[in-house]
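# Geometric and topological summary
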Amino acid sequence: MSECGGRGGGSSSSEDAEDEGGGGGGPAGSDCLSSSPTPATASSAGRLRRGLRGASLMARQRPELLCGAVALGCALLLALKFTCSRAKDVIIPAKPPVSFFSPRSPVRDLFQGQLDYAEYVRRDSEVVLLFFYAPWCRQSITARAEIEQAASRLSDQVLFVAINCWWNQGKCRKQKHFFYFPVIYLYHRSFGPIEYKGPMSAVYIEKFVRRVMKPLLYIPSQSELLDFLSNYEPGVLGYFEFSGSPQPPGYLTFFTSALHSLKKDYLGTVRFGVITNKHLAKLVSLVHSGSVYLHRHFNTSLVFPREVLNYTAENICKWALENQETLFRWLRPHGGKSLLLNNELKKGPALFLFIPFNPLAESHPLIDEITEVALEYNNCHGDQVVERLLQHLRRVDAPVLESLALEVPAQLPDPPPITASPCCNTVVLPQWHSFSRTHNVCELCVNQTSGGVKPSLVSVPQCSFFEMAAALDSFYLKEQTFYHVASDSIECSNFLTSYSPFSYYTACCRTISRDVSGFINPEQGVCEAPTVAFSSLEKKCEVDAPSSVPHIEENRYLFPEVDMTSTNFTGLSCRTNKTLNIYLLDSNLFWLYAERLGAPSSTQVKEFAAIVDVKEESHYILDPKQALMKLTLESFIQNFSVLYSPLKRHLIGSGSAQFPSQHLITEVTTDTFWEVVLQKQDVLLLYYAPWCGFCPSLNHIFIQLARNLPMDTFTVARIDVSQNDLLWEFMVDRLPTVLFFPCNRKDLSVKYPKDLPITLPNLLRFILHHSDPASSPQNVANSPTKECLQSEAVLQRGHISHLEREIQKLRAEISSLQRAQVQVESQLSSARRDEHRLRQQQRALEEQHSLLHTHSEQLQALYEQKTRELQELARKLQELADASENLLTENTWLKILVATMERKLEGRDGAESLAAQREVHPKQPEPSGTPQLPGSSPPPANVSATLVSERNNENRTD
């Protein structure tokens, strides 16, 4: 060892030499490998020592760096320790929860979230309702009273438990992760949970709980079987024989399938019933115990295929939900922004019926009538089972049926052949029609041959209204054939219908005696100036109210099938391409939707019916004055289903106009559109909306236009399309839009070009061009004469000169406005300079105010400091005064003590002198008044009195 150290180490006086020879630097060091470090370890150790020596050298040279590093490290350690120590106190601990329900409530409130206790009590009860709530949730607070009301009626049969699932220390919050509150779970023994998602109303909650309590309906008689099958909800029947055993095979599975149905569909649209009588079971084709039957009104009813599917509760429930058939659906939107109605409206036209509904009521007469209407509406094949159910709903006595199973329908009799005699009807053409000048009455006849039929040969046929509607449609598709004909005689033509390649119709039209207005007056035979340019401004024109649809002369003798009877209504859904989907809503909960569809907001009876057709962008409402019953509902559906529906589209409009009538611009609403636009003089209509940013910039242009045109013969109007609905032919696709409706020619309305700027001159040219009736195709037949053209030119030049004068006036007004604008701009510039100067002064005053405020604060601080100092001095002075008073008292007592001591000393000296005298003169009597020794007798009384008086005098002197 010493040799390895001596050979490899060299002198140890120098650290550098020790570093250089530390690894054994020669052949002699190879004999000591076991005691010497390896070269890699030695190099790393050397680097570490050199680094430490450099750091110590730098610390010796610059000690402030070492102090700074130490201080920084200490600060980091303190910050880390403080952060870790305060991390537990970042979240304020929640307040302990309080009871959510009152102590007298039938609901057991676990406000500390004891979920384990809830699971414990659930095992001992047959039916349990768990109400998970959050104390801050508004829906939970609202549902609390409804839960208590339902619990008060069912507390003897159902255990109601409320659990606070929001407290962070409760087990419910830790184990359940709900995204909304409240949440209602129901348990039927070991089955569950069944979540309730219906309305938070006591009656609906109670109805759902009763369905969970009794998921199966016992059917003992044929009457109750008919009630079960005629209900609007689809029904599933199970047949079980209880005579052999108290619980037949498969009964528990069927019972559990009913609970599964409630779990998957909280509305409970599929009802489950049990039959124990084999005679009743035969009526629905159930023979073997354990069979399951799904009733369907219009399609073939089904029996659960046990040979294909396993007989399990999940399979029975899935099979029933997939093959169910519903007459109509109950809708329960979750809120005002629910997409449920939107999704249903995409399926086609929808009939919404709002009725007050009580789920706990035993009978619902109005729903029975609606069910009857739905059965007749969809009974396309005249099914006997449906007819029997309809008789049961109408409470009509009928013989006992042998079977209610759907049999193979008998072959329907062939329809009677269409006779050679046609089916005819008279059509009165509206005035707005393109050829109403020459033909206004036509007679349509439907036949099977191509030969024409004169109206005189028409007999009374038995035809269908829908055939006539199709013929009328085809007639208007080929209306141009009669345009060039002008004759007083009857003219007939044959056309192929648009719906059948083998059916023809004959149209015979004639012209009635009508005064045709033109340029020539036939009575006077003189030329009259035509209505050109602004002629409508000189003479007021009125037009009769045109009909929106052709008028068909209906005759029940000609069309006996158009009778409002069940025969015509039965199977209507299969005879029209506008089949309705029927939906029911509880008006007690969702009357807001009815008001949005057009129902009155204040009504005693909340019953309302509306048809919404999204494809046609329209909806119709049943007259609120009519009672919602079977007859009115059938009539409402029939009127909607015909080809040319007599129903009027319901338009939503603002209650009143924004501007009164005396304003220059007339404000048009939905109710006043016909009166203002279509029955008066020339009208220029502006379509706008409040959200249209460019629309307000046009107001001054239309105001100037209204000032320049006479108000008695020309109307400038506008309509807010965001608040007022119009017929689709009068709607526009962009805003702002300007339409011009000329007098007497409202069907020739013209849209202002969108690429042309909306200015006053452009509007005047637009009105001038399109108010000239000579450009109308109706006046082609009567071409004006030369004199009329000359008078027209003179009149037009007069109007042009009038317009030029008006334009000159406008230009003068514009120049004056420009001069006024320059003046206003100069005033504004001076006002801006004044404002700038005032702002500078304001800033200087604000700076002075801030400086004064600072001085005031300093003075206030100084005042407070001096006040504190004075108070401290006063306190010290008070202490000095108290000390001086104590010293004076002590001084007085000291004086009294000194005086007393002095008198005692004097008395002692006198006694000693007397004693000396007695020793010198022992036989002489003692003089009076001489003080005695302590052991002698007290002095006389006169001596004591003298001493007391002297003490009192000294006290008074002090």
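The present account deals with the structure reproduced in this document. Only a predicted model underlies this, so the values are computations on that prediction, with no experimental measurement involved.

The grouping of Glu902, Glu906, Asp909 and Glu912 at the surface amounts to a negative patch. The residue Glu912 is located in helix α23 (residues 786-920) in this model.

Cysteine pairs can be covalently joined through their sulfur atoms, and such a bond is termed a disulfide. Enumeration according to the criterion identifies three disulfides in this entry. Note that Cys380 is cross-linked by a disulfide to Cys574, the S-S spacing being 1.6 Å. On the sign convention where negative is left-handed, the bridge of Cys380 and Cys574, at about 75° about the S-S bond, is right-handed. Placement of the pair is Cys380 in the loop between α14 (365-378) and α15 (384-393) and Cys574 in the loop between α17 (566-569) and β18 (581-586), with a sequence separation of 194 residues. Classification of Cys380 as partly exposed rests on a relative accessible area of 27%. Note that Cys692 is cross-linked by a disulfide to Cys695, the S-S spacing being 2.3 Å. Here Cys692 and Cys695 share a disulfide; its torsion about the S-S bond, 85°, makes the bridge right-handed. Exposure class is identical for Cys692 and Cys695. Each is buried.

For the bond from Phe181 to Pro182, the omega torsion is -5°, close enough to zero to count as cis. Position of Pro182 among the secondary structure elements: in the loop between α7 (171-175) and β4 (183-188). The residue after Leu735, namely Pro736, is reached through a cis peptide bond having omega -5°. Tracing the backbone through its elements, the reader meets Pro736 in the loop between β23 (714-720) and β24 (737-741). Located in the positive-phi region is Arg189, a residue other than glycine, with phi close to 55°. Structurally, Arg189 can be placed in the loop between β4 and β5 (191-196). With relative accessibility at 53%, the residue Arg189 sits in the exposed group. Non-glycine residue Ser285 carries a positive phi angle of around 65°. Note on placement: Ser285 falls in the loop between α11 (278-283) and β9 (291-295).

In total, this model carries 17 salt bridges according to the counting rule given. Note that Lys630 is salt-bridged to Glu376, the shortest N-O span being 3.7 Å. Pair noted here: Lys630 is in helix α19 (residues 630-641) and Glu376 is in helix α14, with a separation of 254 residues, a long-range link. By relative accessible area, Lys630 is classed as buried at 15%. With a closest N to O distance of 2.6 Å, Lys630 and Glu634 form a salt bridge. Taken together, the residues span about one helical turn, with Lys630 and Glu634 both in helix α19 at a distance of four residues. Neither Lys630 nor Glu634 differs from the other in exposure class; each is buried. Connected via shared salt-bridge partners are Arg153, Glu206 and Arg210.

Glancing now at the environment of Leu633. With respect to the helices and strands, Leu633 occurs in helix α19. Separated by 280 residues in the primary sequence, Leu633 and Leu353 have C-alpha atoms spaced 9.8 Å apart. Residue contacts for Leu633: discarding those within four places in its chain leaves Leu351, Leu353, Ile370, Val373 and Leu628.

With that out of the way, let us pick up the packing of aromatic side chains. In total, this model carries 32 aromatic pairs according to the counting rule given. Pairing Phe178 with Phe181 gives two aromatic rings, centres 6.1 Å apart and planes at 75°, and the pair type is edge-to-face. Since its relative accessible area comes to 14%, Phe181 is described here as buried. Taken together through their ring pairs, the aromatic side chains of Phe132, Trp136, Trp166, Phe178, Phe181 and Tyr185 make up a single cluster. Stacked on the ring of Phe100, the Lys or Arg Arg144 has its end atom at 4.4 Å from the ring centre. Sitting over the ring of Tyr593, Arg596 keeps its end group 5.7 Å from the ring centre.

The buried fraction of β4 is high, at six of six residues. Neither face of β4 is open: one carries Val183, Tyr185 and Tyr187, the other Ile184, Leu186 and His188, and all of them are buried. As paired elements, strand β2 (residues 127-133) and β4 share six bridges and run antiparallel to each other. Of the residues in β4, the one forming a bridge with Leu130 is Tyr185. Here β4 pairs with β5 via four bridges, running antiparallel. Within β5, the position partnered with Ile184 by the bridge is Tyr196. Joining the antiparallel neighbours β4 and β5 is a turn of two residues, in which Arg189 adopts a positive phi near 55°.

On the surface, Leu894, Leu897 and Met901 cluster together to form a nonpolar patch covering roughly 290 Å² of accessible area. Looking at the element boundaries, Leu897 is found in helix α23.

Bringing the sheet that holds strand β22 (residues 682-688) into the picture now. Ordered in space as β21-β23-β22-β24-β25, the five strands form an open sheet in which the pairing is mixed. At either margin of the open sheet sits one strand with a lone partner, and together these are β21 (666-668) and β25 (750-751). Across seven bridges, β22 lies against β23 in parallel orientation. For Tyr688, the partnering residue across the bridge sits in β23 and is Asp720. Taken strand by strand, helix α21 (residues 699-708) contacts β22, β23 and β24, and its axis lies near 155° from that of β23.

With that settled, consider the pairing of strand β3 (residues 159-164). With six of six residues buried, β3 is to be regarded as a mostly interior element. By the alternation rule, side chains of β3 split into Leu159, Val161 and Ile163 and Phe160, Ala162 and Asn164, which are all buried. With three bridges connecting them, strand β1 (residues 108-110) and β3 associate as parallel partners. Paired with Arg108 across the two strands is Val161, which belongs to β3.

We now examine the packing of α21 against helix α22 (residues 760-770). Remark: α21 packs on α22, axes separated minimally by 10 Å, with the N-to-C direction vectors making an angle of 50°. Our classification of the angle between α21 and α22 gives oblique. In terms of crossing hand, the pair formed by α21 and α22 is right-handed. Contacts between α21 and α22 pair Ile701, Phe702, Gln704, Leu705 and Asn708 from the former with Leu760, Leu763, Leu764 and Ile767 from the latter. For the contact of α21 with α22, the per-class residue count stands at seven nonpolar, two polar and no charged.

Tracing the backbone shows Lys197 in the loop between β5 and α8 (202-213). Sequence spacing of Lys197 and Tyr185 is 12 residues, and the spatial spacing of their C-alpha atoms is 9.5 Å. When near neighbours in sequence (up to four residues on either side) are disregarded, Lys197 contacts Tyr180, Tyr266 and His334.

Strand pairing in a sheet relies on backbone hydrogen bonds. The paired strands run either parallel or antiparallel. Strands sit in the order β11-β18-β12-β19-β20 across an open sheet of five strands; the sheet is mixed. Strands with a single pairing partner mark the edges of an open sheet, and in this sheet they are β11 (329-330) and β20 (618-621). Across four bridges, strand β19 (residues 608-613) lies against β20 in antiparallel orientation. Pairing of Val612 across the sheet is with His619, part of β20.

So, how was this worked out
Residues numbered from 1 in each chain as written. Predicted model: local features only at pLDDT ≥ 70, side-chain atom pairs only at ≥ 80, totals over all residues. Heavy atoms only, no water. Patch = residues over 30% accessible without salt bridge, like charges linked within 9 Å, V, L, I, M, F, W, Y side chains within 5 Å. Areas by Shrake-Rupley, 256 points an atom, 1.4 Å probe, with all protein chains shown as cover. Salt bridge = Lys/Arg side-chain N within 4 Å of Asp/Glu carboxyl O. Lys, Arg positive; Asp, Glu negative; His and termini not counted. Charge placed at Lys NZ, Arg CZ, Asp CG, Glu CD. Helix = DSSP H or I, 4+ residues; strand = E, 2+ residues; numbered from the N terminus. Disulfide = S-S within 2.5 Å. Buried < 20%, exposed > 50% of the residue type's maximum accessible area, 1.4 Å probe, protein only. Contact = heavy atoms within 4.5 Å. Phe/Tyr/Trp six-rings, centres within 6.5 Å; stacked < 30°, edge-to-face > 60°. Lys NZ or Arg CZ within 6 Å of the ring centre and 35° of its normal. Pairing = 2+ DSSP bridges. Axes fitted to C-alpha atoms, helices over the stretch in contact; angles between N-to-C directions. Parallel < 35°, antiparallel > 145°, perpendicular 65-115°, else oblique. Left-handed = near helix turned anticlockwise from the far one by under 90°. Nonpolar A, V, L, I, M, F, W, Y, C, P; charged D, E, K, R; others polar.

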